[in-house]
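Residue-level structure breakdown
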Amino acid sequence: MTASFLTLPLLLCLGQASEPTPTEPPFQARLSFYATDEDLDAEGSATSFHAALEGHTPELASGLRAEAALSFFLTSSAAQGIGFVDNGSTVRLRYQPSGWEAGEGLSVAVHPLSTTRLYMGFSYPVTWERQAFPRRMTAESALELRLSRRRWDAFVALKSAPVLDDLLLEAPRRYALLAGGFLDVTSELRLAVKGTVLDRGQIPAAAIQGVELHVPVRGASLGAVWHRGAPVGNNVDLKLYTGDPTFFERFFQPETYPGGFAASVSLEGSLVSQGLSDPQTAPPQRSTQTGGAGALEARVKQGFWRAHALAYVRTLSFIQLDAPGFPPYQDFLLDAETHAEVSGTLGSDYHLQAWGLTPGLLVRVTRPAWLRNAPVGLPGSRYTAVFQGLNQLSILPEGVDPKLVVTAKATVRWDLGTVAGVLAEVSYTHDPNRTTFEDDVTGAPRPVLQPANAVGVSALLQARF
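Residues numbered from 1 in each chain as written. Predicted model: local features only at pLDDT ≥ 70, side-chain atom pairs only at ≥ 80, totals over all residues. Heavy atoms only, no water.

**As for the pattern of salt bridges**
Think of it this way: side chains of opposite charge can pair up when their charged atoms draw near. The test is simple: Put simply, a salt bridge is a Lys or Arg side-chain nitrogen that is within 4 Å of an Asp or Glu carboxyl oxygen. By the criteria applied, helices consist of DSSP H or I runs no shorter than four residues and strands consist of E runs no shorter than two, each listed in order from the N terminus. Buried, partly exposed and exposed residues are distinguished by accessible area as a fraction of the type maximum, computed with a 1.4 Å probe on protein chains only: under 20%, between the cut-offs, and over 50%, respectively.
Across all of its chains, the model carries 29 salt bridges by this definition. Across the pair E249 and R30 runs a salt bridge, and its minimum N-O distance is 3.8 Å. Taken together, the residues E249 in helix 4 (residues 247–250) and R30 in strand 1 (residues 27–37) connect sequence positions 219 residues apart. For the salt bridge of D415 with R413, the shortest nitrogen-to-oxygen distance reads 2.9 Å. According to the relative accessible area criterion, D415 is partly exposed, its value standing at 22%. By relative accessible area, R413 is classed as buried at 8%. Here the residues in one salt-bridge network are E67, R92, R94, E144, R146 and D153, joined through shared partners.

Below you can see the structure in the form of structure tokens.
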């Protein structure tokens, strides 16, 4: 009913002059194979196969077109055999009134299986709310309405999923509202803003005790981009963008080298608050936890040479935002010591036009986020948990402090015309925070430091039809 109501304004505006027939083919397919092993001396390699099919119709009526994108991963397991995992498939209806320029118009999109393409923040390292409801019982879907003009764009989206409620012993449907847009202040400067409000549902531990405690979330993201000259594409850093649903789309977009100088600088920040359970009160009470993140990125192109720089910071509460909390649905203890993650990456590459090769080098230095006095069930000891990402952590031995992580990579991109492409990288990582658990003389498991150095390889192959 809602989708029909939102498409009504499109249908009422029909009957105007049609736009020229697009030159792109009505269907495009993309097959990608990705393999990575971050440490050749240890277990943990991973492979994935991605398939995408994109299509659009000719005009259904004057100015009205439909398009769809099917994007999924092909997985296999001994228990379930071959399976499919959605990667942001979308169905969209576009309407362009007569006299409006290319790229302008009104669109209505349905994201039926996952909502990872609707999110807060702007660049991948500091994005959040790609999935709004951690305890959803079925697929999380979304409806998006967007209006695009030459110098501005505005959207509103509604995510929805049935979410388990341990107090009601049922799964009521919950909703998340996102809205935002951008404004081109000048031909070189763009400002953007996003906001969200949602309720992730009941806190499980409180529900078991018969207490109703929900997880309300409020947040905003602001961004600014300055650009001059030709577009400067992404650097070849597969690790940095893993998890982005556009990962298999963006890296093989054609890069142009018209000569001359081009540059862009982007700055963004996000602030969010959510209600969690206070671990030091009984019966459970709500505690408001705030988190934030910011990123500064610069890109430069001169002839066939490019350089990329990225610096970002994420508080520990922001890293665990979509879990939510650590432990889940709990705020940190009052006497816990937390530190934010700070990371900087500098890379450069050069395009060899005759061969279609773009070799490059990059270096990244990261001070990881960490939590001291982590509640990990080790009474009487004061351990430190080091976080590499959402629910990705290692426990340091008692008395050991976190140290900087340094990564160096050699990368190469090989473009085989418009039909295929290859990305590859060889990495060296020095991470003194790597640990494993081993039994001590009493038989109790204790964290033990592992070798800090690791050599890894990654490769991405893609064919396009």
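**What about the pairing of strand 23 (residues 435–439)?**
For clarity, the threshold we go by: A pair of strands is labelled paired if DSSP reports no fewer than 2 bridges between them.
With 5 bridges joining them, strand 23 and strand 24 (residues 445–449) adopt antiparallel strand pairing. Across the sheet, the residue bridging to T435 is L449, located in strand 24. As consecutive antiparallel partners, strand 23 and strand 24 are separated by 5 residues, and within that stretch G443 has a phi angle of approximately 90°, a positive value.

**Focus: the packing of aromatic side chains**
Operational definition: Pairing of aromatic rings covers Phe, Tyr and Trp, the last counted by its six-membered ring, and requires centre-to-centre distances within 6.5 Å; plane angles under 30 degrees mean stacked, over 60 mean edge-to-face, and any other angle means tilted. Counting as a charge over the ring demands two things of the Lys NZ or Arg CZ atom: a distance within 6 Å of the ring centre and an angle within 35 degrees of the ring normal.
Overall, the coordinates contain 9 aromatic pairs when judged by the stated rule. With centroids separated by 5.4 Å and ring planes inclined at 65°, the aromatic side chains of F247 and F251 adopt a geometry described as edge-to-face. The class of F247 is buried, set by a relative accessible area of 3%. A ring pair is formed by Y257 and F304, whose centres lie 5.5 Å apart and whose planes are at 35°; its orientation type is tilted. With a gap of 47 residues between them, Y257 in the loop between helix 4 and strand 12 (261–277) and F304 in the loop between strand 13 (286–302) and strand 14 (305–314) connect regions that are remote in the sequence. Exposure remark for Y257: the relative accessible area of 16% places this residue in the buried category. Through pairs of rings, three or more aromatic residues link up here, namely Y34, F73, F247, F248 and F251. It is R149 that lies over the ring of W100; its NZ or CZ is 3.8 Å from the centre. Lying over the aromatic face of Y119, K194 brings its terminal NZ or CZ to 4.3 Å of the ring centre.

**Remarks on the nonpolar core**
Under the convention used in this document: What makes a nonpolar core is a set of buried Ala, Val, Leu, Ile, Met, Phe, Trp, Tyr and Cys residues whose side-chain atoms join them at distances within 4.5 Å. Residue contacts are defined here by distance: any two heavy atoms, one from each residue, within 4.5 Å place the two residues in contact.
Among the nonpolar cores identified, the biggest contains 41 residues, and F133, F247, L423 and L460 are the most heavily contacted of them. Looking at this core, the elements with two or more residues in it are strand 8 (152–162), strand 9 (173–184), strand 11 (214–228), helix 3 (238–241), helix 4, strand 12, strand 13 and strand 14. Contact partners of L423, with chain neighbours within four places excluded, come to V236, L238, F251, F252, V412, R413, S458, A459 and L460.

**A closer look at the sheet that holds strand 18 (residues 369–372)**
Short version of the rule: Orientation is described by lines fitted to C-alpha atoms, with helices fitted over the stretch in contact, and by angles between N-to-C directions that extend from 0 to 180 degrees.
The 4 strands are arranged 15-18-19-20 in an open sheet whose pairing can be described as antiparallel. Whereas interior strands pair on both sides, the edge strands pair on one side only; in this sheet they are strand 15 (337–339) and strand 20 (392–396). With direction set aside, neighbouring strand axes in the sheet form an average angle of 20°. As defined by bridge partners, strand 15 adjoins strand 18 across 3 bridges and the pair is classed as antiparallel. Bridge assignment links H339 to a residue of strand 18, and that residue is W370.

**Observations regarding unusual backbone geometry**
The omega torsion across A282 and P283 is -5°, close enough to zero to call that bond cis. In this fold, P283 is placed in the loop between strand 12 and strand 13. A cis geometry characterises the amide bond from A323 onward to P324, with omega recorded as -10°. When you line up the elements, P324 lands in the loop between helix 5 (316–319) and strand 15. Despite not being glycine, L169 shows a phi value in the positive range, around 55°. Examined against the element boundaries, L169 turns out to sit in the loop between strand 8 and strand 9. Judged by relative accessible area, L169 falls into the exposed class, the value being 74%. Backbone geometry at Y329 places phi at a positive 70°, although glycine is not the residue there. On the secondary structure map, Y329 appears in the loop between helix 5 and strand 15. Take Y329: its relative accessible area is 7%, and that puts it in the buried class.

**Comments concerning a nonpolar patch on the surface**
We count it as follows: The patch calculation keeps residues exceeding 30% relative accessible area without a salt bridge and links them within 9 Å when they carry like charges or within 5 Å when they are nonpolar (Val, Leu, Ile, Met, Phe, Trp, Tyr). Areas reported as accessible are Shrake-Rupley estimates using a 1.4 Å probe. Residue values count occlusion only from the protein chains shown.
Judged by side-chain polarity, L31, F33, F49, L74, I82, F84, L461 and F465 come together as a nonpolar surface patch covering roughly 790 Å² of accessible area. Breaking the nonpolar patch down by element, the ones donating at least two residues are strand 1 and strand 4 (81–86). Secondary-structure assignment places I82 in strand 4.

**What about the confidence of the model for the protein?**
The predicted structure's coordinates, where accompanied by low pLDDT, should not be read in detail. To keep things clear, this is the line we draw: In predicted models, pLDDT denotes the confidence assigned by the predictor to each residue on a 0 to 100 scale.
Per-chain confidence: the protein averages 88 in pLDDT, with 92% of residues scoring 70 or above. Taken together, the stretch residues 1–22 has pLDDT below 50 and engages in 33 contacts with residues farther than four places along the chain or on a different chain.

**Overview of the side chain of R306**
Definition in use: Under the rule applied, a polar contact is a pair of N or O atoms within 3.5 Å (in protein, one hydrogen donor and one hydrogen acceptor; residues adjacent in sequence only if both atoms are side-chain atoms).
Its location among the elements puts R306 in strand 14. What makes R306 buried here is its relative accessible area of 3%. Side-chain polar atoms of R306 contact the backbone oxygen of N234, separated by 3.1 Å. At 2.7 Å, the side chain of R306 forms a polar contact with the side chain of D349.

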